Each structure stands twice: as structure tokens, then as C-alpha cells.
Amino acid sequence: MKSNQIINFLLAVSIVLVSFYGCSSKSDDLQDVETIIYDITPVLSKFEGTGLSYAINKGTITFITKSLPNHKSPYWGKGHSMYETYNGVNPNWRQNLGSIGEQNITFQIPLNPKEAENKTSTPMGPIGISRNGIVFFNQYAAGGVALSNEINSFDQYLGHPAMTTYHYHIKPKFLTDLFGEDAFLGLLSDGFPVYGPFENGKTITNSDLDAYHGHTSVTVDFPKGIYHYHITNEDPYLNGNGFYGTAGNVTR
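Remember, it's a predicted structure, so these values are computed and weren't measured experimentally.

Colleague: Can you explain the pattern of salt bridges? Please cite residues and give values.
Modeller: Pairing between side chains of opposite charge can happen when their charged atoms approach one another. Under the definition given, this model contains 6 salt bridges. Residue Lys46 is joined to Asp221 by a salt bridge in which the shortest nitrogen-to-oxygen separation is 3.4 Å. One end of the pair, Lys46, is in the loop between helix 2 (41-44) and strand 1 (52-57); the other, Asp221, is in the loop between strand 12 (214-217) and strand 13 (226-230), with 175 residues separating them in the sequence. Exposure remark for Lys46: the relative accessible area of 28% places this residue in the partly exposed category. Looking at Asp221, the relative accessible area reads 15%, which means it is buried. With its nearest N and O atoms 2.9 Å apart, the salt bridge here joins Lys119 to Glu115. Note on Lys119: relative accessible area 26%, which makes it partly exposed.

Colleague: Give a detailed account of the layout of surface pockets, specifying residues and quantitative values.
Modeller: In this structure, the largest pocket encloses a volume near 280 Å³. Around the largest pocket, the lining comprises 15 residues; the ones closest to its centre are Val89, Asn90, Ile151, Leu158 and Ile170.

Colleague: Quick one: what's the story with the packing of aromatic side chains, residue by residue and with numbers?
Modeller: Any aromatic ring pair is given by two values, namely how distant the centres are and how the planes are angled relative to each other. This model, assessed by the stated rule, comprises 14 aromatic pairs. The interplanar angle of 80 degrees and the centroid separation of 5.9 Å between the aromatic rings of Tyr166 and Tyr168 together place this pair among those described as edge-to-face. Both residues of the pair, Tyr166 and Tyr168, belong to the buried class. Across the ring face of Tyr244, the terminal group of Lys119 is positioned such that the distance to the ring centre comes to 5.4 Å. The ring of Phe179 has Arg131 sitting right over it, with the charged end atom 3.6 Å from the ring centre.

Colleague: Let's hear about the nonpolar core: which residues, and what values?
Modeller: Generally speaking, a soluble globular protein has its nonpolar side chains buried in company with each other. One finds Ile40, Phe47, Phe63, Phe136, Leu188, Val194 and Tyr229 to be the most contacted residues of the largest nonpolar core, which totals 43 residues. Looking at which element gives the most residues to this core, the answer is strand 8 (residues 184-188), with 4 residues. Among the nonpolar cores identified, the runner-up in size contains 5 residues, and Ala141, Leu147, Phe154 and Ile170 belong to it.

What counts, and at which threshold
Residues numbered from 1 in each chain as written. Predicted model: local features only at pLDDT ≥ 70, side-chain atom pairs only at ≥ 80, totals over all residues. Heavy atoms only, no water. Salt bridge = Lys/Arg side-chain N within 4 Å of Asp/Glu carboxyl O. Helix = DSSP H or I, 4+ residues; strand = E, 2+ residues; numbered from the N terminus. Buried < 20%, exposed > 50% of the residue type's maximum accessible area, 1.4 Å probe, protein only. 1 Å grid on protein atoms, 1.4 Å probe; cavity = no way out; pocket = protein on both sides within 12 Å on 5 of 7 lines; lining within 4 Å. Points joined across faces, edges and corners; volume = space filled by probe spheres on them. Phe/Tyr/Trp six-rings, centres within 6.5 Å; stacked < 30°, edge-to-face > 60°. Lys NZ or Arg CZ within 6 Å of the ring centre and 35° of its normal. Core = buried A, V, L, I, M, F, W, Y, C linked by side-chain atoms within 4.5 Å.

Everything listed here is a matter of geometry and, on its own, says nothing about what the molecule does.
Below is the structure:
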């Protein structure tokens, strides 16, 4: 074989080797950044409430709720069997003009939530559903302002109605009283779970959480770990800069 043929042969072999190892390197890099996909089936059996139902179809959970609280409130109105005068601890409490009424709200939530490549802000109104069927509303009052004034109309279980839609903006006290401060409380519409303000023997503060008001850790329901939100006892309470995952559809 002539010298120029040998050189060409060696160059060809080098190109093949570079291409092979280059492809392997790219494949490894893709594996490193692969999105984690979770399965939230373990918490679905915890959903139970008046006028609440759910069904799973092709990777989507469809919740239908009347958003009727299974606890007492002054917003039921005098004469109702669930009516109870305000007996909470807020000295500035004042009842708003709303009342509890039956709703027809549908959430379509991913069964296998994953982190969104492009995060989106939470809308005003319903952004999730609690385990007793009451909707979670945005972490802000109307107009996107802080809850500091509106919070004075929250009943003894820390919910209130907008017109006739009863909802929670902050910790649902009825649920934490019943299940514990570290309990699973519901889902945001991106499919990621919401837990109370306690975890691993300590109170969770905003400084423990990311910009979306969540983090990844082991929970009782997800022993291998999962990204989840925490409701804390400080503003913004429920959510931060938007959904961590891709939000499903909400109709009302």
C-alpha cells in the first residue's frame, strides 16, 4: 500500500472512531438531563368529599367537584345544618358578602407530572384541588395583591367564598387538624402534590423552598421522593412564581 493510501486509511479510521465516541458522549449527556416523570396514583385514594369524584383515562385524572366544604362555617348561612358562627382566633375577622353554593368545577390533571421546560404563572381563581374537594385559589387576592387584607374574611377553617365558590388560599385548617400538619393536602393542577407546613420533624419556611414554593424530598406517600409544594404559614403561603410542572385544564 502506498504511503498516501495509508494516510487516507488512517484518517478514515480516525473519523469513524471520533463519530462513534462523539455519539456516545451526546447520548450520555441526553440521559443526564432526562426529565423525571412521577406517578401520583398513591395519593388518589385520599380524595373524598361531598360532590367529589375522579376518573383516570389515558394518563389524565379528571376531577369533578362541587367545592362544598365538609366542615362548618358562617358562610353556610343561618338555618343551614352546617352553619356555625365564627369562632376562630382572628380579632379582625369580618364576614364577606359571599355564601357557600354548589359548583361544577372540572380539573384535568396529569397522572404523571413532570417539570415544565417553560414555567407558567398561576391564574387567578382555581389552581388546584384539596383532598376534600375544595378548590385551591391563587396565592393572591383579586388584582394580584397580597392576601393581607382578604385574609380577615377567612372563616375558622381558613376558607371563604368568592361569590358562591368556597375555596382555600392558605392552609386548610380543617384538613391539617384532621390529618396533621405534615399531611398530604391536595394537588395543584400541574399534578404535583401539596403538603402541610411540617416535614421531617420541623416547620417548613419559605427559605426551605424554591421559587415555586416546593422542593424534592421523600414523603410518606412517595418513599422514593417527589417534587411537591408546601403550604407555609407566611406569604405567599401556597405557591411562588408559578407552576413547577405543566398545568392541566380547569373549567367551571
